Every structure is written in structure tokens, then in C-alpha cells.
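Observations on chain architecture
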Amino acid sequence: MTLVRGDVAPATDVTTPDPGRAPGSHRSRPGFGRFAGYLLVMPALGILTLFFYVPAAFLFVMSFYHWNLFGGSAFAGLANFDVLFHQPLYFKSLLETAYFVGVMVPVDALMGLALAMLLREGFRRSRAGGLGRALVFLPHVTPVVATSVIWAWVFNPRYGLANYLLHLVGAPQPGWLDSATWALPSVMIYSIWHSVGYYAVFFLAGLAMVPDTVVEAARVDGASSWQTFRRVVAPLLSPTTFMVLILGTVNSMQTFSQVYTLTGGPHGGAGGPAFSTSTDALLIYNTAFIYQHLSLAAAMSLVLFVILITITAIQKRLSRRWVFYGGTER
Amino acid sequence: MASVELAEVVRRYGAFRAVDEVSVEIRDGELFTILGPSGCGKSTLLRIVAGLDRADSGDIRIGGKLANSAEPAARDVGMVFQNYALYPHLTVRENVAFGLRVRKVPRREADRQVDEIAAILEIADLLDRKPRQLSGGQRQRVALGRALVRRPSVLLMDEPLSNLDTLLREKMRVEIRRLHNRLGLTTIYVTHDQQEALAMSDRVMIMNRGRVEQVGPPLEVLHEPSTEFAARFVGSPPMNLIRMQVHEASETQVTLQAVDGDGAWVQGPASGALACGQQFWVGVRPADLDVSPTAGTRSGLVVPVVMDVAELARDGVLLHCSYAGRNVVATAGAGDPIPALGERTLVSAPWGSLTFYGCDDGRRVRATGVSVRWPEPATAAASTSWAPGDPYGDGGLGGDAR
């Protein structure tokens, strides 16, 4: 990126006229210019409508009905929500989801950032940088169902790798997936292994946008490493951090596959010992496809959606206080 | 304030020596410029002084204290970067105060010091703005303010004006010099712009390929380049250099001919033993060259050339001539006749105006430099009593030029 002088409008300036919409282009191909945009978004919009908007609307309607797959559905008003909010298991699942998200988001963000900084500093002048990034990113591209089977073995209390290592150092060996206390943390450990590289890549891109000379200026100014990070790097990295927090919240709140594979059992079990891993997503699945309460599951999905929207809106609102969108001129 | 001493500083990148045994002392309170083409190691050297880069060997002393492995913060230096490197998320006030705040200077005291430096740099009305709201020149001042507010003992500037347009650059040049006069801060200033270096420095160091070519006051560097590289680099236009070898050498006279043998020759008084075939770079300033188809001389330099391009310059006309495929530049004063394009003519210069550089080491050859005693410029000037207007070829040399 070259230096952008102060008198030049930022690249994201929305008021910049689009050269493609110059008056001449209208005259040369009458009508086309006005509809070209719609035509171009049509395929994507079509697919989204078919596979997202329609099902979403369908789900919305469903949550207000007693739905029966084999006919005889009837309008139920808020009955589904009434049932839902009188279910202790539902509140337990919301709490477990909150526990899961509350641990996953900060740990993913902090470890992702740490990993990115290690990769950046470690491979600063090395050609192995690409390899390092690939290795860190690799777990994320493995299929959850396949790798969680391996981790199920790692977490096996009797012959798993985790307890074997703990046995070697003489530490107490928890029951992992068989323990009501440790089942959800086991899923968290696997999930972090699987997702941290994904967030590290975001932070790597963010760190690349922090000019070296600004960091050097801080060093000459007398800032310690921590001060440099706290006062210079972190603010310039804040848009990335914000995005990671939003994505992390959305992703971890909807986590299903590994919960299902690690603790669900072969026949779609209850979700860990004593429902200890029945997170919201798992409960929705069980309600819909094991207990066959489609409309109740639809109501739960709707509530989850509202929670997600609300949290994201709050995060967005709070971001005004700490996210710096100034861009970094080089 | 402090002096900065560098002793045999070396910085390697693999087999490449970015800084190659640089030894120099920058005196207390002087504005010292490091001048050289891009890639000559000048910025690396500055970064080594700042502590942002490390020397592989050699010593760096700041204020007499060994600073080889000291962190930048411990060196008491301020630095202005080429791209200013302002903190984009902080206001101008916070930018300038940054170095004070990380050193736990109380806010009120920091504010007072920022106001003081802002008044000096005339940026007091910009203190609440963010860097992106500033023009290039304003950013430059803020960067200066940030470097100066801590009152460092040494100020380092890495091509600070290269991102500004010409007019602003010339203005800032004067301001930096004025500021230096006022604060008397030891300043190391890196630039590739010789005008900048000559205009503002107390002393200039010319670097090339990591090595020091010459250190001296601007006038000395401009008029007496001590190496072949310095001769090629300094001056606008710089010296013409023609490679020549000794053709005949007697007790009293020496004759050199161009190595590529295209009729250029030099004749002059000399005594002592010069081996035939010994090679030199003969340097002559464009202003010392006389262009005339008939001008001959018994002593000095004569080069047969073909007129190429005449270029209007600030003080006269630059005549670009070609000789053996190379460019020879001469300055024509106002009213001098200008040869037509493609016209064959001669450029000549008196013996006393010539400078000789050894072909092996590029060093200027002086009386004690080689086994022969070259005349000092003053006496040489006296001996050049050749008659102007002598017909060409009179001397019996260079007759094969045509």
C-alpha cells in the first residue's frame, strides 16, 4: 500500500461516483444499466431465497403451529413457546450454550491472536511462513465428524491418550466424556483445536496491516513490548478482533457436529452424561428428529436466532467505543 | 546532547554487507548528513544507531556510552521516519505525548511539554486532529514534534522530506536547519538528495555499497570529491570521468591516453617515475570544460566529441556530448556558441582543473598518494600558460582524433 496523502479521500468513500454509472453509459445501452445490477445478483439471490429465506420463513410459521409431518397441523399461537419456557431442560441447555460460548470466544480469540503473533514473528524472514500458516489452518479444514472420532479416543477414560499422558505425570485422570463435569470441556478442547487456526488466519491478516514503522516508532518512543501491543498494535488490530468476536459468537453458539459425535451416542443420545452437553443446537436436533416435535424445535430455533441477533447488535453497538476504523496509512 | 561514535560497524545480510566497516564520529551538536544512492546502507546505519537493527560487529557509542545492544528506548534518541509512522488511531496531541506517557510522565506535565513543542513547530492548532486529517507537511511536523518532545540527545531523521513535493521540501529544509540552530541537537540526517545534504549539513558523509566514501563539510565534498564514486555522485551535473593510462612519462612530463583509445589525451608536468600503462580515472568538472573546435592546449585535457543535446540549466546551458559512446557534459556560459547537433568538436580543460583517481581503489591521487609527485592545483594553475586559440594538433598529440 502506498502512502495516502491527507487530502485524498479514503478508499471506502461511498460518495465517490461510480465510473460505471456515467451518464454516457445509459445512453449507449438504454435500460440495461438500470437492471444490470439486479440481473447480476439474481442467481445468488435465487439460491438464497430457495435454501434460506423460504425455509426460514417456513420455520417462522411452523413455530406458531402444532406441526405434524403426516397432516393435521393446527395453529397453536404461542403454545410452543409456552411449553418451551416451562421446560427446565431448555434453560439448562441455554446455560450450557452460554458456558460453551463464554469459554470458546475468548479462548479462540486470545489463542488465535497468540498463534498469529508467533507465526508472524517466528517466520518473519523465513520461507516456511506459508507452511506454518498451512499447518495451523489444517485442523479447520478436516471434517469434524472424522476428527472428533479420533478425539473421542483421546478422551476415552480407560485407554485414551489424554489420561495416558496424565497417568505418566501422575496427575488425576478425569472421566472426560463420561463425566458430567468434564464432558463439555472435552468438547471445548476439541473445538478449540479445530477452530483456533481459522481465527489465527484472521489475526495474521490483521497484523499484516499494522505498519512495521509504527511499531518501530513506538519502540524508539520508549514503549515496552506490552505498551507497544496495548497502545499501538491492539487498537490497529481492533477491526479484526471485532470480526473474530462476532464470528466466534455466531459459530460457537451454533456448534452441533462435534457435540453430536463426541457425546451424542450412536442413536442420537441425550447429549452427555446427565444432559451435560445438551447445548441449544443439540437440543434442537434431538427435539426435532428424535422426539419428533418439529414445531417445538422451530420455536427453539427462532429463540436462538433472536438471541444471536441481539448479541450481535450489542457487540456492534459496543464496538463504537473500542474499534478503530481509521485505516493505517503506510 | 551527545556525540555518536561508530567504530568499524558491520551489518551483513547473508553474504551481502549492507554496512561495511563504517567508522565515523558525529560531533556533539552537529547536523550530520549521510548521503548516498538507494541501497548504499545509509538507512541501515541509521537504524543501527537507533537500535532498531543490530550491528554484526563494531561499536556504537552514544554520548561516550557503549550502546551496542541497548534497546532503542535506552539510547535517548528521537527518530523521524520516512513515512512519518504516526500512530493513526491517536490524535496529534496523543501522538506527540506518546513517548512521555509510556514513561509515566504525568498528564499535565506531558500536556505542557507538548504545548511547548507544538508552539515551536507551529502545530498548536492541529493537536486535536487525527493524522489522516493532516497534509504531508503537517504530518512531517508532527513526526518532528514526537521525536523532539522527549528532548533526546540525538535526533535521527530517515529521508524525512522525500514524501513531500519540491516546494515544501525546500521550505522544510530551511525549517529543519533553523530548528537545529535553535536547539543545537546532534542530528543524523539520511538522504539520497545531494542538494538537501549540501544545503543543510555541517558535515556530509557519502556512502556507497556500505562503505564510507568521503566525510567532510559540504563545500569540500562538492569541490574536492575524494573518491571516484563521490566524484560521479556529487554535483549537478557531476564530474566527467575518463579512464586513461600513462602513455609516456619522462622526468618532467607525463602523457596519458584514453584506455579505449579514442583520441582523448592529457598532458601535464610531472616528475618521478610513472610506469607506462598505469591507469587513472581523470575527472573534470563540466564548468571547467571549454568547448571549441579549434581550442588546443599543450597542457591539460583534450577530448574529441560529437555534439548531442543542449539542455537549458539554471546557470547556463549544459552541453551533452558523446565520446566513445559515453556522455561528456560541459557547461556553456551565456553567450558562448553552441555547436550544432552532430557537429564534431573538442572539449578541453587546463591541467590544474583535473582530478585523478586511482583505478584500483578509486581514491584521489595526491602528491603522496602514488610514486609520482603530482603538481598541487595552485602551482598547476600557474603552469597552464597555454595560448588560447592554438590550432588543434599543434602539440603533436591526439592527432589521430580526427
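Residues numbered from 1 in each chain as written. Chains lettered and ligands numbered in written order. Predicted model: local features only at pLDDT ≥ 70, side-chain atom pairs only at ≥ 80, totals over all residues. Heavy atoms only, no water.

Looking only at helices and strands, one finds nine helices and 22 strands in chain B. The buried share of chain B, reckoned over its 402 residues, is 52%. (Helix = DSSP H or I, 4+ residues; strand = E, 2+ residues; numbered from the N terminus. Buried < 20%, exposed > 50% of the residue type's maximum accessible area, 1.4 Å probe, protein only.)

Take the overall build of chain A next. Across its full length, chain A carries 13 helices and two strands. For chain A, buried positions account for 38% of its 330 residues. A separation of at least 24 residues holds for 70% of the contacts in chain A among residues at least 6 apart in sequence. Element-wise, carbon and sulfur atoms account for 70% of the exposed surface of chain A, whose accessible area totals about 19,000 Å². (Contact = heavy atoms within 4.5 Å. Areas by Shrake-Rupley, 256 points an atom, 1.4 Å probe, with all protein chains shown as cover.)

Contact residues are listed per partner, giving 30 residues for chain B and 27 residues for chain A. When the two sides are added together, the surface that chain B and chain A hide from each other amounts to roughly 2,500 Å², 55% of it contributed by carbon and sulfur. Looking at the side of chain B facing chain A, the largest losses of area belong to B:Pro88, B:His89 and B:Arg132, adding up to 24% of the total buried there. Here chain B is connected to chain A by three salt bridges. Put simply, chain B and chain A have ten residue pairs in polar contact (both at pLDDT 80 or more) between them. Where the side of chain B that touches chain A is concerned, the elements lending two or more residues are strand 6 (77-80), helix 2 (92-101) and helix 4 (136-148) of chain B. A breakdown of the residues in the side of chain B that touches chain A according to their chemical character gives 14 nonpolar, six polar and ten charged. (Buried area = accessible area lost by both parts, 1.4 Å probe. Salt bridge = Lys/Arg side-chain N within 4 Å of Asp/Glu carboxyl O. Polar contact = N/O pair within 3.5 Å; in protein donor to acceptor, adjacent residues only side chain to side chain. Nonpolar A, V, L, I, M, F, W, Y, C, P; charged D, E, K, R; others polar.)

The strands making up a sheet are joined through hydrogen bonds of the backbone, oriented either antiparallel or parallel. Residues and elements named next belong to chain B. Read across the open sheet, the four strands follow the order 2-1-4-5; overall the sheet is antiparallel. Either end of the sheet is taken by a strand with one partner, and the two such strands are strand 2 (16-26) and strand 5 (65-66). Inspection of the sheet shows strand 4 (residues 57-62) paired to strand 5 by two bridges, in the antiparallel sense. Each bridged residue has a counterpart across the sheet, and for Ile-62 the counterpart in strand 5 is Lys-65. (Pairing = 2+ DSSP bridges.)

Further remarks concern the nonpolar core. Residues and elements named next belong to chain B. The biggest cluster of nonpolar side chains holds 43 residues, and the ones touching the most others in it are Leu-6, Leu-45, Leu-156 and Ile-188. The element contributing the most residues to this core is helix 1 (residues 42-50), with five residues. Sequence-distant contacts of Leu-156, that is, excluding residues within four places in its chain, are made with Leu-46, Val-49, Ala-50, Val-77, Gly-78, Met-79, Val-80 and Ile-188. In this structure, Leu-86, Leu-126, Leu-127 and Leu-144 belong to the second largest nonpolar core, which totals 34 residues. (Core = buried A, V, L, I, M, F, W, Y, C linked by side-chain atoms within 4.5 Å.)

Our focus in this paragraph is the pairing of strand 9 (residues 203-208) of chain B. All names here are of chain B. Counting buried residues along strand 9, six of its six residues qualify, which places the element largely inside the surrounding structure. Side chains Arg-203, Met-205 and Met-207 project from strand 9 onto one buried face, and the interleaved Val-204, Ile-206 and Asn-208 project onto a second face that is buried too. The pairing of strand 3 (residues 31-35) with strand 9 spans four bridges and is classified as parallel. Bridge pairing in strand 9 places Phe-32 opposite Arg-203. Pairing of strand 9 with strand 10 (residues 211-216) involves five bridges; the strand directions are antiparallel. Bridge assignment links Val-204 to a residue of strand 10, and that residue is Gly-216. Linking strand 9 back to strand 10 in an antiparallel pair, the connection comprises two residues, with Arg-209 at a positive phi of about 50 degrees.

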